[in-house]
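Summary of structural features
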Amino acid sequence: APGSAAAFCSILFSPPTALNFDAMLARIREAKVPVMLCYGRDDPWVVPAWGQKAKRDLGDACTYYEVTPSGHCPHHETPEPV
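So, here is what we can say about the structure in this document. (Residues numbered from 1 in each chain as written. Predicted model: local features only at pLDDT ≥ 70, side-chain atom pairs only at ≥ 80, totals over all residues. Heavy atoms only, no water.)

The subject of this paragraph is the pattern of salt bridges. Taken as a whole and judged by the stated rule, the model has 3 salt bridges. Across the pair Asp 22 and Lys 53 runs a salt bridge whose closest N-O atoms are separated by 3.0 Å. Here Asp 22, found in helix H2 (residues 21-31), pairs with Lys 53, found in helix H3 (residues 48-58); they are 31 residues apart in sequence, far enough to count as distant. Under the relative-accessibility criterion, Lys 53 is labelled partly exposed at 22%. A salt bridge links Glu 66 to Arg 41; the shortest N-O distance between them is 2.9 Å. (Salt bridge = Lys/Arg side-chain N within 4 Å of Asp/Glu carboxyl O. Helix = DSSP H or I, 4+ residues; strand = E, 2+ residues; numbered from the N terminus. Buried < 20%, exposed > 50% of the residue type's maximum accessible area, 1.4 Å probe, protein only.)

All told, the structure shown has 2 aromatic pairs when counted by the stated rule. Ring centres of Phe 21 and Trp 50 lie 4.8 Å apart, and the angle between their planes is 80°; this geometry places the pair in the edge-to-face category. Of this pair, Phe 21 sits in helix H2 while Trp 50 is found in helix H3, placing the two residues 29 residues apart along the sequence. When its relative accessible area of 41% is taken as the criterion, Trp 50 is described as partly exposed. Taking 5.8 Å as the distance between ring centres and 40° as the angle between the ring planes, the aromatic pair formed by Tyr 39 and Tyr 64 counts as tilted. Taken together, the positions of Tyr 39 in strand E1 (residues 35-40) and Tyr 64 in strand E2 (residues 62-67) put the pair 25 residues apart, joining distant regions of the chain. Each member of the pair, Tyr 39 as well as Tyr 64, carries the same accessibility label: buried. (Phe/Tyr/Trp six-rings, centres within 6.5 Å; stacked < 30°, edge-to-face > 60°.)

Turning our attention to the environment of Ala 31. With respect to the helices and strands, the residue Ala 31 is situated in helix H2. Using a relative accessible area of 48% as the deciding quantity, one classes Ala 31 as partly exposed. Distance from Ala 31 to Arg 41, taken between C-alpha atoms, is 28 Å for residues 10 residues apart in sequence.

Before going further, it helps to examine the nonpolar core. Grouped together as the largest cluster of nonpolar side chains are 8 residues: Leu 25, Val 35, Leu 37, Tyr 39, Ala 54, Leu 58, Cys 62 and Tyr 64. Within the residue set of this core, elements represented by two or more residues are E1, H3 and E2. For this core, the leading source of residues is E1, giving 3 residues. For Ala 54, the residues in contact, after removing those within four places along its chain, are Phe 21, Leu 25, Leu 37, Gly 59 and Cys 62. (Core = buried A, V, L, I, M, F, W, Y, C linked by side-chain atoms within 4.5 Å. Contact = heavy atoms within 4.5 Å.)

Keep in mind these values describe shape, not function.
Spelled out as structure tokens, the structure:
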């Protein structure tokens, strides 16, 4: 796909974040920001366990969907349910 190599490189070579995952979740909780997560059940890079943890930690502020069969890009792989 056009631009996919550039997008991949921008992620691969981006600087590390200032906050770890738990600190980010804490900030989201404090800000009372609603979150919607859509994970591909078969994602080999960002496994659904991260989204499941976010759902547990954020409770009702988080809407969580797991799409199957789908991997890292459910919006491209299975656009119908997304």
